[in-house]
Structure formats: structure tokens, C-alpha cells
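Remarks on the overall topology
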Amino acid sequence: EDKVVQSPLSLVVHEGDTVTLNCSYEVTNFRSLLWYKQEKKAPTFLFMLTSSGIEKKSGRLSSILDKKELFSILNITATQTGDSAIYLCAVPPPGTYKYIFGTGTRLKVLA
Amino acid sequence: DAGVIQSPRHEVTEMGQEVTLRCKPISGHDYLFWYRQTMMRGLELLIYFNNNVPIDDSGMPEDRFSAKMPNASFSTLKIQPSEPRDSAVYFCASSVRDTQYFGPGTRLTVL
């Protein structure tokens, strides 16, 4: 059965810390992995990863995919209180757009 | 671009009543998705359409739920009759290929 597992489930850090969020997947014929940030409202798109070993970067956020070991990490450096959110990863099974979402990592950044 | 538009943003109804949620996808997007999010179950895909045609409705919980997409710019999700366990946030999302963009959601409370 296809599945997506995120860890940790929750994380509390102080401003300025660096965090690493994990997403592992078991999906046959992988084609892409997506990261989303969800604050109080709807998930907003962060990254889409398709190729192994190529880092995607946006400001203090970066993400990389390891297709051999079937996981992705999302790094946030110099965290700010505005980074507090639930971070979701999602993978579409082969031939469909029926995305499988992980349960998310709830990040809280303290001032 | 206005993004994905959903209405209403909040809905409070009594058990047994019919509820209709509405969605306008981003222009030019050929995929439309309906999700439900709860604390217990996370983000669940209910149904998705491609070019107005339902592709996979296996996530629709039961016959009380139905969804339509009469044209490329409008979709509805209907619950009839509603039950308290349907209380959740319902998101609509649209995409071209893999990157989905979510609407603000409808928070449904069934008393």
C-alpha cells in the first residue's frame, strides 16, 4: 500500500534555530514529491521535487530528495515565529493525481 | 490571479440539512480536487476531476456525498443529509499537472 510518513509529528524550537523535517514514502513508480506549508488556513505550495540530489531553495527554506532511500527533507534555517505552521508532504501514486498526504509536522517557533 | 475561490467560508447547519459547497478553480487549470481535513484524519482526498470529468471518487465517504463539475470554472460538493461527523474543513484545489493550489476552505459545522 502506498504511504507517506512524516517525522517528527511536532517540534518546538527557538527563533534562530535550524530545523530538519523528514518525509519518507513508499510509492511505486515515483514521479514527484511536494511540500506545503499550512498556517491557519489553506496549504500553500513550497516545493516540488522530481530529481534526486538536486536541492530546491527559497530564502531560508530548502529541500532535497533521495530517490534511492525514498525520502525528502525540508530544512529551515534561522527560524522565525512566522515559520510556525504545519508542514505537509504529498506524493501522487503512479498514473493518478490521487495525492497521498503525510500527517504533517507541526512546527512551533518561540520568540 | 484571484486564486481558487470557495464559498461559503463558514457554514453552520443542523443535522439532516443539505449542504452545498462551491468552488471556482484557477482559470486554465484542468484538474480540480475536493479534500476534507480533520484533526483526527488529516487531509483526505474525496474526489478529483480532470477536464470536468470525475476521475476518482473512491475517497467520497458514502452516498450522502456527491460532487459535480458542470463546467471548467465551477464545482460543487453536496452533502445530503448532513451529520455531525461531517464537521470539518473542506478544501478545493486546482492544478495543472502536479502542483496544486488550494482555496481558503469552507469550515463546516453540523450541529
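Throughout what follows, the structure given in this document is the object of discussion.

Cut-offs and rules
Numbering of residues starts from 1 in every chain and runs along the sequence as written. Each chain gets a letter, beginning with A, and each ligand a number, beginning with 1, in the order they are written. In keeping with the model being predicted, local features are shown solely for residues with a pLDDT of at least 70 and side-chain atom pairs are shown and tallied solely at 80 or more, while totals for entire chains, interfaces and linings include all residues. The side-chain quantities take in all heavy atoms of the structure and omit both hydrogens and water. Two residues qualify as a contact provided that any one of their heavy atoms is within 4.5 Å of a heavy atom in the partner residue. When two parts are put together, the accessible area they lose, computed with a 1.4 Å probe and summed over both, is reported as buried area. Should a side-chain nitrogen of Lys or Arg be within 4 Å of a carboxyl oxygen of Asp or Glu, the pair is scored as a salt bridge. Any N or O atom pair separated by 3.5 Å or less is treated as a polar contact, with the protein-specific requirement of one donor-capable and one acceptor-capable atom, and with residues adjacent in sequence counted only for side-chain atom pairs. A run of H or I in DSSP counts as a helix once it spans at least four residues, and a run of E counts as a strand once it spans at least two, with each numbered from the N terminus. Classes in brief: Ala, Val, Leu, Ile, Met, Phe, Trp, Tyr, Cys and Pro nonpolar; Asp, Glu, Lys and Arg charged; the others, Gly included, polar. Pairing between strands is defined by DSSP: at least two bridges between them are needed. Interaxial angle, 0 to 180 degrees, is taken between N-to-C directions of lines fitted to C-alpha atoms, where a helix line uses only the stretch in contact. Buried means the residue's accessible area, taken with a 1.4 Å probe over protein chains only, is under 20% of the maximum for its type, while exposed means over 50%, and partly exposed covers the values in between.

Notes on the interface of chain A and chain B
- The partner chain B presents 19 residues to the 18 residues of chain A that form the contact.
- Carbon and sulfur atoms make up 57% of the area that chain A and chain B hide from each other, which totals about 1600 Å².
- In this structure, the connection of chain A to chain B is made through one salt bridge.
- Residue A:Lys98 pairs with B:Asp56 through a salt bridge whose shortest N-O separation is 3.8 Å.
- Put simply, chain A and chain B have four residue pairs in polar contact (both at pLDDT 80 or more) between them.
- When residues of the side of chain A that touches chain B are traced back to their parent elements, those giving at least two are strand S4 (33-38) and strand S5 (43-49) of chain A.
- A breakdown of the residues in the side of chain A that touches chain B according to their chemical character gives 11 nonpolar, three polar and four charged.

Topic: the sheet that holds strand S8 (residues 74-79) of chain B
Residue and element names in this part refer to chain B.
- Strands sit in the order S1-S3-S8-S7 across an open sheet of four strands; the sheet is antiparallel. Each having just a single partner strand, strand S1 (5-7) and strand S7 (65-71) make up the two edges of the open sheet. Put simply, the sheet's adjacent strands are angled 15° from each other on average, direction ignored.
- Summarising the sheet, S7 and S8 pair through five bridges and their orientation is antiparallel. Within the sheet, the bridge partner assigned to Ala 67 lies in S8 and is Leu 77.

Examining the environment of B:Gln17
Residue and element names in this part refer to chain B.
- Along the polypeptide, Gln 17 turns up in the loop between strand S2 (10-13) and strand S3 (19-24).
- Judged by relative accessible area, which is 43%, Gln 17 ranks as partly exposed.
- Among all residues touching Gln 17, those that are not within four sequence positions of it are Ile 79, Gln 80, Pro 81 and Ser 82.

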